[in-house]
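Okay, here's what each chain looks like letter by letter:
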Amino acid sequence: MNLKDIKEKLFPIIKVISIVAIASAIGLGMWNIQALASNNHLPIILNPVLIIAHLALSAHFVEAIIAACYAPAKNQKPIQYGIYTFFVGTIGLLELFETHSQIPYLSHKSESNP
């Protein structure tokens, strides 16, 4: 199995898992903020999960900023690609630095504009 086969089979699975994980991390962070605002606390068992969620959100945020900065050089919309990269993570950056984008909507847009 070569790298191309791995990318075709593994990247879509990682993207789905990443989107669900980041959405869950956002939800957990919002739950924590709501709990703190109402003078409650999250269950103690969720503290390690909350720390990991904050680290993941921070890493994805940095990746989104990098993607938004480099997107115009690859004929992509910065905000749109930054949001995409925030949710899918490093795979978004890998796709940005490839010659052809793997995002169907964005790749058709860039191909139609010379």
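Quick caveat, the model's predicted, so the values are computed rather than measured. (Residues numbered from 1 in each chain as written. Predicted model: local features only at pLDDT ≥ 70, side-chain atom pairs only at ≥ 80, totals over all residues. Heavy atoms only, no water.)

1. Comments concerning the nonpolar core
For clarity, the threshold we go by: In these notes, a set of buried Ala, Val, Leu, Ile, Met, Phe, Trp, Tyr and Cys residues joined through side-chain atoms within 4.5 Å is what counts as a nonpolar core. Here's how the labels work: a residue is buried when its accessible area is under 20% of the maximum for its type, exposed when over 50%, partly exposed in between, all with a 1.4 Å probe on protein chains only. Segments assigned H or I by DSSP are reported as helices when at least four residues long, segments assigned E as strands when at least two residues long, and all are numbered from the N terminus. A contact between two residues is defined here by any heavy atoms of the two lying within 4.5 Å.
Judged by nonpolar contacts, I22, A25, L28, L42, L46, L50, A53, L57, A64 and F86 together constitute the single largest core of 10 residues. Those elements that place two or more of their residues in this core are α1 (3-37) and α2 (47-70). With 4 residues, α2 is the single largest residue contributor to this core. Not counting chain neighbours up to four residues away, the residues in contact with L28 comprise L42, L46, V49, L50 and A53. Membership of the second largest hydrophobic core comes to 7 residues, among which are A67, Y81, L93 and L96.

2. Some details on the packing of aromatic side chains
For the record, the criterion: Pairs were defined over the aromatic rings of Phe, Tyr and Trp, the Trp ring being its six-membered one, requiring ring centres within 6.5 Å. Orientation was assigned from the angle between planes: stacked under 30 degrees, edge-to-face over 60, tilted for the rest.
Under the criterion given, the structure shown has 3 aromatic pairs. Geometrically, the ring pair formed by Y70 and F97 is edge-to-face, given 5.5 Å between the ring centres and 70 degrees between the ring planes. Here Y70 is found in helix α2, whereas its partner F97 is found in the loop between α4 (90-96) and α5 (104-112), with 27 residues between them in sequence. With a relative accessible area of 44%, Y70 lands in the partly exposed category. Centre to centre, the rings of F86 and F87 are 5.2 Å apart; their planes meet at 85 degrees, and the pair counts as edge-to-face. Owing to a relative accessible area of 29%, F87 belongs among the partly exposed residues under this scheme.

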